[in-house]
There are 2 protein chains.
Amino acid sequence: MSSDNTFRILISTDNHVGYLEDDQIRGKDSFQSFEEVLILAKQHNVDFILLGGDLFHHSQPSLYCLREVMGLIRQHLFGDKPCEFNICSDQSINFPSRFQQGCNVYDPNLNISIPIFTIHGNHDDPVGQENLSAMDLLASVGCANYFGRSHDLNDIKVYPILMAKGDTKLALYGLGNVRDERLHHAWRDGSVSFIRPAGNRENEEEEEEEEAQQSQEWLDNAFNMFVLHQNRVRHGPTSYIPEEFLDEFLDLVLWGHEHDCRIDPEPCHGKDICQPGSSVATSLAEGEALPKHVGLLEITGKEYSLQKIRLSTVRPFQFTSIQLSQVNELRNAMGDTKACQRYLYSVVEDLIGRAEEEWGQQQGDDDDDEQQQQQQKSMPLPLIRIRVDYSGGFEAFNVVVFGKKFVSRVANPRDILKFYRQRSTNGTTTTRRQRQQEVLNDPTASIPERLDNIRVETLVDEILGKNLEVLPENEMQDVVQKLIDKDDKNAVSSFIKQSVLRMKRSVDGENRTSIDDLSEQFVKRRATELKEDRFDSYAREQTARNSRRSRRENDAVDEDNE
Amino acid sequence: MSSDNTFRILISTDNHVGYLEDDQIRGKDSFQSFEEVLILAKQHNVDFILLGGDLFHHSQPSLYCLREVMGLIRQHLFGDKPCEFNICSDQSINFPSRFQQGCNVYDPNLNISIPIFTIHGNHDDPVGQENLSAMDLLASVGCANYFGRSHDLNDIKVYPILMAKGDTKLALYGLGNVRDERLHHAWRDGSVSFIRPAGNRENEEEEEEEEAQQSQEWLDNAFNMFVLHQNRVRHGPTSYIPEEFLDEFLDLVLWGHEHDCRIDPEPCHGKDICQPGSSVATSLAEGEALPKHVGLLEITGKEYSLQKIRLSTVRPFQFTSIQLSQVNELRNAMGDTKACQRYLYSVVEDLIGRAEEEWGQQQGDDDDDEQQQQQQKSMPLPLIRIRVDYSGGFEAFNVVVFGKKFVSRVANPRDILKFYRQRSTNGTTTTRRQRQQEVLNDPTASIPERLDNIRVETLVDEILGKNLEVLPENEMQDVVQKLIDKDDKNAVSSFIKQSVLRMKRSVDGENRTSIDDLSEQFVKRRATELKEDRFDSYAREQTARNSRRSRRENDAVDEDNE
């Protein structure tokens with residue numbers, strides 16, 4: 001039951017809407033779960049939805065994806081429900097996005113029943129002209145309230161949205177994704193500060209001291225919440241944000257970006273951390289196989305409670321690891337690929353069975369809650385992933401052919417199996433880079449495994465050769481990373497455009513007049529274009545490898561953590 | 001003064017928002033003029049805005065472009081002004097776009113002061129997944145009412161929006177762009193029909209006849225208007241829509257697509273045709289140099305009047321043609337490039353002067369209207385285009401170097417001059433194709449002129465060779481055309497993706513199991529990718545040549561018409 005002093009907030013993160021939107025089987029998954037989040041918000045009569053970034057999977061979402069998201073928001077979150085909280089901070093600071101003009105619930109021309117507050121993630125972060133995020137677009141039409149964008153990365157000031165509902169005061173801090181290394185350094189160097197503002201005051205002259213005192217009192221009584229979108233797991237010395245960086249005055253942290261659902265709040269250095277995880281599996285890593293939830297957060301005074309709600313639209317995903325050399329029935333079948341396949345077929349069958357069983361249970365649970373509304377909802381094709389350690393003399397085989405047996409029974413028949421081999425370290429410590437090089441050069445390793453271990457840097461060198469007078473190599477690394485991380489298809493072309501423009505300018509700068517010189521210019525440009533070709537071919541390979549790679553990296557992270 | 005029986009409609013078309021949005025000088029032009037249209041609608045207190053297609057220049061507009069358009073619409077057209085007309089046709093037929101759910105003025109959650117009604121043009125026509133137009137996106141958030149989309153091109157039924165304001169009845173028919181040849185044939189074959197519906201009736205049983213009679217009466221008293229977006233000028237035997245195709249029951253036709261402003265209604269076969277033209281010059285053709293207007297249309301009963309309003313944000317554009325051999329002072333200067341340049345410098349100066357003069361006059365006119373509000377508005381850099389006929393022994397020279405003199409005085413210094421030569425036809429009729437071939441092979445022609453005359457088909461053959469087992473050549477023509485017409489950067493890649501997918505499927509179809517076969521597959525795919533490279537390189541060249549080409553074609557059209 002909602003009370004006048006209790007904020008009711010639906011929390012969710014990493015909805016990755018648009019993920020695999022062209023896939024015939026899984027194309028609608030991300031949209032369905034996003035819609036479920038909106039419907040849950042309505043059903044639970046929340047004051048607002050708080051998202052932790054990566055609402056969109058692509059930084060430049062397709063027309064289809066934008067249409068769906070905006071249309072669904074308009075369908076479910078517009079309406080007559082009155083807004084029961086006030087915002088008392090300076091909204092022009094909270095929501096600086098052009099055309100936003102304050103929180104959408106206050107727009108007299110829009111009838112918003114449940115507003116969305118969101119930061120950007122690393123997938124939908126600002127790109128392109130005027131450095132816009134897809135969140136800016138949502139904000140411009142009143143579909144969401146975009147906050148937490150930092151414009152000076154050398155001096156990051158996190159300014160809260162101050163909200164009041166009855167006696168409960170909420171200071172909502174947010175910080176959209178910043179490259180982890182950069183934010184890590186900034187934080188360590190003391191360049192990240194949480195502002196504790198005085199609320200809406202225009203006149204700073206005389207009343208300043210009194211107001212400051214009042215504002216201090218307000219803040220002392222407020223529940224302090226922070227939402228961020230960064231690596232929580234250590235990926236390297238500085239490519240994550242250590243939990244202890246987060247200031248102790250915070251009461252609750254909503255952690256976006258990590259896809260594993262760890263939604264039950266975990267106490268940590270005087271505050272609690274809640275990590276809802278993604279609402280759609282964007283990789284077949286073990287962490288994505290955990291049941292996916294959103295949270296119903298209730299805040300009264302300085303206390304909160306969190307009820308987790310399992311998403312019912314999520315496609316079942318079963319994950320397991322197998323070490324072939326430890327399987328009894330394969331003890332003497334090292335060269336016998338057929339026997340291995342038979343065994344793995346049976347594992348897949350078991351996993352499909354397990355998926356069905358859990359689906360049935362889940363439907364049963366839902367029935368209790370919702371009076372058998374969804375009783376007969378049949379299970380969508382499940383995702384199945386088996387990590388197969390084939391070390392010890394076993395042979396890898398074609399996983400696509402293997403998967404054909406399950407084409408109409410599994411959502412991902414082409415990549416059910418993932419072969420890998422444990423490498424002996426010979427007592428010495430090998431870096432990941434060395435290990436990768438080793439796998440790449442190992443003629444007995446499976447081809448997909450070897451391809452997965454090609455290093456980006458090596459490829460760039462190999463494909464582009466050393467003739468990089470047009471495309472600066474150091475910048476290229478950044479661009480390729482962007483391409484991989486964010487599926488930003490324009491990153492390469494816009495980078496090349498810029499580089500070529502730079503080159504053209506330098507060519508134009510010389511004083512040419514004759515037609516001969518003109519043709520020379522054309523030849524030069526053509527040479528540039530040829531280089532672009534080679535780069536584009538490389539970029540395309542990377543894009544194609546993109547999904548595989550991101551999965552691998554997620555797997556690698558799991559490995560590191562295990 | 002608005003009366004209760006008078007529809008007041010602001011008409012505009014081909015706003016091409018997003019055109020050259022990356023250009024440092026001209027990047028904001030299309031946005032400014034679009035905003036001016038919205039502001040004029042407000043100032044003149046219209047009932048609605050009617051757009052004739054190509055609101056967007058790109059079929060998949062950038063985030064920036066979408067943000068601006070949606071934000072500007074929200075800023076200027078949302079508000080408390082009550083809607084003074086009724087819609088009495090079946091809105092689910094009028095506006096079938098998902099999430100639209102009827103005209104936006106009736107959405108209880110939106111406060112729309114001036115609705116936009118629009119069809120799609122050839123630039124923002126439906127593409128990609130689920131075949132969506134950017135108009136669908138606008139419709140999904142209530143920023144526009146998208147109508148006139150035909151789903152069966154073999155049986156095109158144009159269903160009107162029936163509106164009533166006081167005693168005035170308006171039947172608004174619309175047809176979004178269809179490929180001209182296709183529509184021409186459909187129309188000729190009688191497959192295009194204008195529906196005269198009975199309005200909102202649910203119960204078709206007994207009252208049918210009576211209602212049909214009433215509806216007939218309604219329609220007989222209605223003002224019939226039709227908006228389309230097609231070639232009006234003959235570009236080939238069937239690649240245009242002859243004016244006489246349009247049914248005589250129509251009172252007024254709003255013709256989109258053609259960029260020349262011919263907004264004063266022209267009587268034609270019993271109806272009037274009004275062609276507002278574009279609000280931004282997307283080519284440097286002569287027709288784009290005409291003053292640009294929108295119209296304030298007033299309809300009372302069966303009568304209408306149209307007041308044209310000159311757009312004040314449009315960048316000045318001066319166009320002229322020069323035949324060097326007819327210039328007195330160059331009579332003996334055929335080999336003297338410097339003399340030609342000096343002469344052309346003076347022509348540019350004259351044109352800049354003329355632009356300033358006209359700007360001053362225009363400002364003066366505005367002052368009269370608006371009490372010197374804009375008095376001191378200084379002229380933006382003008383567009384200047386000189387078509388230079390250098391036949392008769394003159395030499396072309398580097399136009400980029402020529403333009404440097406005007407870098408800070410002209411908006412398009414790189415392409416002020418356009419060289420061409422009149423070809424002698426030797427008494428025989430030459431086709432345009434033959435003429436092009438001639439220019440291409442003429443070693444004395446200027447390089448840009450020769451490049452402009454390369455034929456797409458020839459290039460495709462040349463670059464891809466004959467090894468087209470992966471990329472079907474006939475489909476490729478269509479794709480390239482799409483790329484050129486609509487600047488649809490995804491056309492090529494999505495075409496290639498489909499083709500490669502098709503190939504992969506046929507490869508996967510075979511029953512392969514060994515690792516050897518697997519590597520063979522990889523090699524094949526790599527081969528495919530290499531072919532993609534070559535195609536992409538070609539596509540990029542085309543894109544780069546795109547703007548030049550479209551200008552050329554526009555010029556060619558002007559030539560044909562002259």
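In the annotation of an unreviewed UniProt entry, chain A is listed under the name Mre11 DNA-binding domain-containing protein and assigned to Circinella minor. Quoted verbatim from the Sequence similarities (unreviewed entry) field of UniProt, the annotation for chain A is "Belongs to the MRE11/RAD32 family." Looking at the Cofactor (unreviewed entry) heading of the UniProt record, one finds this comment for chain A: "Mn(2+)".

Remarks on the overall build of chain A
If you tally the helices and strands in chain A, you get 14 helices and 18 strands. Residues classed as buried in chain A amount to 57% of the 562 residues present. Relative to all contacts within chain A whose residues are 6 or more apart in sequence, the contacts with residues 24 or more apart total 73%. Counting only carbon and sulfur atoms, one obtains 44% of the accessible surface of chain A, whose full area is about 24600 Å².

Concerning the pairing of strand S12 (residues 262–268) of chain B
All names here are of chain B. Note that S12 and strand S13 (residues 271–275) share four bridges and pair antiparallel. The partner of Cys268 across the bridge, within S13, is Lys271. Here S12 folds back onto S13, and the loop between the two strands holds two residues, one of which, His269, carries a positive phi near 50 degrees.

A few points about the nonpolar core
Counting residues in hydrophobic clusters, the biggest one holds 140 residues, and the most contacted among them are A:Leu50, A:Phe117, A:Met225, B:Leu50, B:Phe117 and B:Met225. Filtering out sequence-adjacent residues up to four positions away, A:Phe117 remains in contact with A:Phe48, A:Ile49, A:Leu50, A:Leu51, A:Phe85, A:Ile87, A:Phe95, A:Cys103, A:Asn145, A:Phe147, A:Ile161 and A:Met163.

Some remarks on the sheet that holds strand S18 (residues 417–420) of chain A
All names here are of chain A. Taken in spatial order, the three strands of this open sheet run S16-S17-S18, and their pairing is parallel. Edge strands, defined here as strands with exactly one partner in the open sheet, are strand S16 (317–323) and S18. The sheet shows a mean angle of 15 degrees between the axes of neighbouring strands, direction not considered. With seven bridges connecting them, S16 and strand S17 (residues 383–389) associate as parallel partners. Residue Ser321 lies in a different strand from S17, and its bridge partner there is Arg387.

Focus on helix H1 (residues 29–43) of chain B
All names here are of chain B. Here H1 spans 21 Å end to end across 15 residues, near enough to the 21 Å set by a 1.5 Å rise per residue. Every buried residue belonging to H1 is among Asp29, Ser30, Phe31, Ser33, Phe34, Glu36, Val37, Leu38, Leu40 and Ala41, and all of these are buried. Those residues of H1 hidden inside the fold are in contact with strand S1 (6–12), strand S2 (48–51), helix H2 (63–77), strand S4 (116–118), strand S14 (293–300) and strand S15 (303–310). A positive backbone phi angle near 55 degrees is found at Asn45, which sits one or two residues after H1.

What about the UniProt feature "active site" (unreviewed entry) in chain A?
Annotation from UniProt places "active site" (unreviewed entry) at A:His123. With respect to the helices, strands and loops of the structure, A:His123 is situated in the loop between strand S4 (116–118) and helix H4 (134–140).

Here we look at the packing of aromatic side chains
Residue and element names in this part refer to chain A. Per the counting criterion, the structure on display carries 42 aromatic pairs over all chains. Ring geometry for Phe48 against Phe85: centres 5.6 Å apart, planes inclined by 65 degrees, an arrangement best described as edge-to-face. Pair noted here: Phe48 is in strand S2 (residues 48–51) and Phe85 is in the loop between helix H2 (63–77) and strand S3 (86–87), with a separation of 37 residues, a long-range link. Each of the two residues, Phe48 as well as Phe85, counts as buried. Ring centres of Phe397 and Phe402 lie 5.9 Å apart, and the angle between their planes is 40 degrees; on these two criteria the pair is classed as tilted. On the basis of relative accessibility, which here comes to 8%, the residue Phe397 falls in the buried class. Overall, the relative accessible area of 1% leaves Phe402 in the buried class. Taken together, the ring pairs connect Tyr173, Trp187, Phe194, Phe226, Phe245 and Phe249 into an aromatic cluster. One cation-aromatic arrangement involves Lys405 over Tyr345; the distance from NZ or CZ to the ring centre is 4.8 Å.

So, the sheet that holds strand S17 (residues 383–389) of chain B
Residues and elements named next belong to chain B. Taken in spatial order, the three strands make up an open sheet running S16-S17-S18, and their pairing is parallel. Here the strands that pair on one side only, and so sit at the sheet edges, are strand S16 (317–323) and strand S18 (417–420). When strand polarity is set aside, the average angle formed by the axes of neighbouring strands in this sheet is 15 degrees.

Here we look at the pattern of salt bridges
The tally for this structure, following the rule as stated, stands at 39 salt bridges over all chains. For A:Glu130, the salt bridge identified is with B:Arg67, shortest N-O distance 3.5 Å. Of the two residues, A:Glu130 is situated in the loop between S4 and H4 and B:Arg67 in helix H2; the pairing between them involves two chains. Residue classification places B:Arg67 among the buried positions, given a relative accessible area of 3%.

A short note on helix H5 (residues 180–188) of chain B
Residue and element names in this part refer to chain B. Every buried residue belonging to H5 is among Asp180, Leu183, His184, Ala186 and Trp187, and all of these are buried. Here the buried residues of H5 occupy an arc of 165 degrees about the axis, which is enough to place them on one side. Each element contacted by the buried residues of H5 is listed here: strand S6 (156–158), strand S8 (168–175), strand S9 (192–194) and strand S10 (223–229). Among the residues trailing H5, Gly190 stands out with phi positive, at a value near 80 degrees.

Looking at the side chain of B:Arg26
Tracing the sequence through the fold places B:Arg26 in the loop between S1 and H1. Despite its burial, B:Arg26 pairs with no opposite charge; the closest candidate is B:Asp29, at 4.8 Å N-O.

Here's the deal with the packing of helix H1 (residues 29–43) of chain A against H2(A)
Describing two packed helices takes the angle between their axes plus the distance from one axis to the other. Residues and elements named next belong to chain A. Across the interface, H1 lies against H2 with an axial gap of 10 Å and an inter-helix angle of 15 degrees. One element, H1, and the other, H2, form an angle in the roughly parallel class. For the crossing formed where H1 meets H2, the hand is right-handed. Residues Phe31, Phe34, Glu35, Leu38, Ile39 and Lys42 of H1 pack against Tyr64, Cys65, Glu68, Val69, Leu72, Ile73, Gln75, His76 and Leu77 of H2.

Brief notes about the confidence of the model for chain A
Residue and element names in this part refer to chain A. Put simply, chain A has an average pLDDT of 83, and 71% of its residues get 70 or more. Counted against residues more than four places away or in other chains, residues 199–204, with its pLDDT under 50, gives eight contacts. Taken as a whole, residues 509–519 scores under 50 in pLDDT and shows 17 contacts with residues more than four places along the chain or in a different chain. Of the two predicted TM-score estimates for the complex, the pTM is 0.80 and the ipTM is 0.79.

Some thoughts on unusual backbone geometry
All names here are of chain A. Even without being a glycine, His16 presents a positive backbone phi close to 45 degrees. As for its placement among the helices and strands, His16 is situated in the loop between strand S1 (6–12) and H1. Despite not being glycine, Leu20 shows a phi value in the positive range, around 55 degrees. Following the sequence through the fold, Leu20 ends up in the loop between S1 and H1.

Description of the environment of A:Pro108
All names here are of chain A. Relative to the helices and strands, Pro108 resides in the loop between helix H3 (91–94) and S4. Judged by relative accessible area, which is 69%, Pro108 ranks as exposed. On a C-alpha basis, the gap between Pro108 and Leu137 in space is 19 Å, while along the polypeptide they are 29 residues apart.

Notes on the pairing of S8(B)
Put simply, side chains in a regular strand alternate between the two faces of the sheet. Residue and element names in this part refer to chain B. Of all eight residues making up S8, seven are buried, and the element is well covered by its neighbours. Of the strand pairs in this sheet, strand S7 (residues 161–165) and S8 are connected by five bridges, and their pairing is antiparallel. If you follow Met163 over to S8, its bridge partner there is Leu170. With six bridges connecting them, S8 and S10 associate as parallel partners.

About the cut-offs
- Residues numbered from 1 in each chain as written.
- Chains lettered and ligands numbered in written order.
- Predicted model: local features only at pLDDT ≥ 70, side-chain atom pairs only at ≥ 80, totals over all residues.
- Heavy atoms only, no water.
- UniProt positions renumbered as here; feature names shortened; annotations may be inferred.
- Helix = DSSP H or I, 4+ residues; strand = E, 2+ residues; numbered from the N terminus.
- Buried < 20%, exposed > 50% of the residue type's maximum accessible area, 1.4 Å probe, protein only.
- Contact = heavy atoms within 4.5 Å.
- Areas by Shrake-Rupley, 256 points an atom, 1.4 Å probe, with all protein chains shown as cover.
- Pairing = 2+ DSSP bridges.
- Core = buried A, V, L, I, M, F, W, Y, C linked by side-chain atoms within 4.5 Å.
- Axes fitted to C-alpha atoms, helices over the stretch in contact; angles between N-to-C directions.
- Expected span 1.5 Å × (residues − 1).
- Phe/Tyr/Trp six-rings, centres within 6.5 Å; stacked < 30°, edge-to-face > 60°.
- Lys NZ or Arg CZ within 6 Å of the ring centre and 35° of its normal.
- Salt bridge = Lys/Arg side-chain N within 4 Å of Asp/Glu carboxyl O.
- Arc of directions from axis to C-beta.
- Lys, Arg positive; Asp, Glu negative; His and termini not counted.
- Parallel < 35°, antiparallel > 145°, perpendicular 65-115°, else oblique.
- Left-handed = near helix turned anticlockwise from the far one by under 90°.
- pLDDT = per-residue confidence, 0-100.

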